[in-house]
Amino acid sequence: EVQLVESGGGLVKPGGSLRLSCAASEFTFSSYTMNWVRQAPGKGLEWVSSISSSGSYIYYADSVKGRFTISRDNAKTSLYLQMNSLRAEDTAVYYCARDDYSSSCIDYWGQGTLVTVSS
Amino acid sequence: DIQMTQSPSSLSASVGDRVTITCRASQSISSYLNWYQQKPGKAPKLLIYTASSLQSGVPSRFSGSGSGTDFTLTISSLQPEDFATYYCQQSYTTPPVTFGQGTKLEI
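Quick look at the structure, then. (Residues numbered from 1 in each chain as written. Chains lettered and ligands numbered in written order. Predicted model: local features only at pLDDT ≥ 70, side-chain atom pairs only at ≥ 80, totals over all residues. Heavy atoms only, no water.)

### Section: the overall build of chain A
- Helix and strand content of chain A: 0 helices and 11 strands.
- Helices and strands appear in chain A in the N-to-C order β-β-β-β-β-β-β-β-β-β-β.
- For 119 residues, the compact-globule estimate of 2.2 N^0.38 gives 14 Å, and the C-alpha radius of gyration of chain A, at 13 Å, lies within 12% of that figure.
- With respect to the three principal axes, the spread of C-alpha positions in chain A is 40 × 25 × 25 Å.
- For chain A, buried positions account for 48% of its 119 residues.
- Within chain A, counting contacts between residues at least 6 apart in sequence, those at least 24 apart form 52% of the total. (Helix = DSSP H or I, 4+ residues; strand = E, 2+ residues; numbered from the N terminus. Rg over C-alpha atoms; globule rule 2.2 N^0.38 Å. Buried < 20%, exposed > 50% of the residue type's maximum accessible area, 1.4 Å probe, protein only. Contact = heavy atoms within 4.5 Å.)

Structure (structure tokens):
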């Protein structure tokens, strides 16, 4: 069974930084585009960023462009999200999610990690 | 960006009811529409992909239909475990991935 396990969330002050990690297992990580999707408390789902299987193609939502950096290490089967200049509105549960190209969908999600930006 | 609009935003129903949730795209997305179920405190779960394909392991009471701009998710006979929030998502033009605002299905 595909496993995606996020870590690195926590409480950070506005303007601070945090690095999220996602450990992937039970599938060929290097073959899949990966995403970060977030969900603010009581709100809907918001796509944050995606990275192609090789890391060659990277995309960001306008709301995080210039502040967040997505990366991956295929040898370590891990996905990362470096978050800088954090704002209160970045407070959310952040999910690591796998893209299934053949089905044109996000087919597996991690359990999420909570990021709280507050002074 | 393609906008996704779900209706209704919330819905009250009873066990055994037939329920339909609608999702409308701001432009044609062919059949590139997916449905997810999310229960409180849990990650979303894929139910339906490309408008009408049932994800493996998902009960057959769930079905999806539509193409172009208008789509529906139908639950033929509600079970207690189906009370959750449902999201549609377009995968026609990405990035960005865009989701509907969600439909909360309550008892």
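### A closer look at the sheet that holds strand E7 (residues 62-67) of chain B
Residues and elements named next belong to chain B.
- Read across the sheet, 4 strands follow the order E1-E3-E8-E7 without closing on themselves; strand pairing throughout is antiparallel. Here the strands that pair on one side only, and so sit at the sheet edges, are strand E1 (4-7) and E7. Sheet twist, expressed as the average angle between the axes of neighbouring strands with direction ignored, equals 20°.
- Where strand E3 (residues 19-25) meets strand E8 (residues 70-75), 6 bridges bridge the pair, whose relative direction is antiparallel. Bridging across to E8, Thr20 finds its partner in Thr74. (Pairing = 2+ DSSP bridges. Axes fitted to C-alpha atoms, helices over the stretch in contact; angles between N-to-C directions.)

### Side note on the interface of chain A and chain B
- With 16 residues of chain A at the contact, the number on the chain B side is 18 residues.
- Carbon and sulfur atoms make up 66% of the surface buried where chain A meets chain B, a total of about 1400 Å² over both sides.
- At the surface where chain A touches chain B, the tally comes to 0 salt bridges.
- Of all the elements in the fold, those that place two or more residues in the side of chain A that touches chain B are strand E4 (34-39), strand E5 (45-51) and strand E10 (105-109) of chain A.
- When the residues that make up the side of chain A that touches chain B are grouped by side-chain class, the tally is 8 nonpolar, 6 polar and 2 charged. (Buried area = accessible area lost by both parts, 1.4 Å probe. Salt bridge = Lys/Arg side-chain N within 4 Å of Asp/Glu carboxyl O. Nonpolar A, V, L, I, M, F, W, Y, C, P; charged D, E, K, R; others polar.)

### Structural notes on the state of the cysteines
- Under the criterion given, the structure shown has 2 disulfides over all chains.
- Disulfide pairing is shown between Cys22(A) and Cys96(A); the S-S distance is 2.1 Å. Taking the sign of the S-S torsion, -65° for the link of Cys22(A) and Cys96(A), the bridge is left-handed. Separated by 74 residues along the polypeptide, Cys22(A) in strand E3 (residues 18-25) and Cys96(A) in strand E9 (residues 92-100) bring together distant segments of the chain. Pair check on accessibility: Cys22(A) and Cys96(A) agree, each one buried.
- Each disulfide pairs two cysteine sulfurs, and for Cys23(B) the partner residue is Cys88(B), the sulfurs being separated by 2.1 Å. Residues Cys23(B) and Cys88(B) share a disulfide whose torsion about the S-S bond is about 65°; that sign makes it right-handed. You can see Cys23(B) sitting in strand E3 and its partner Cys88(B) sitting in strand E9 (residues 85-90), a full 65 residues away along the chain. Cys88(B) carries the same exposure label as Cys23(B), and that label is buried. (Disulfide = S-S within 2.5 Å.)

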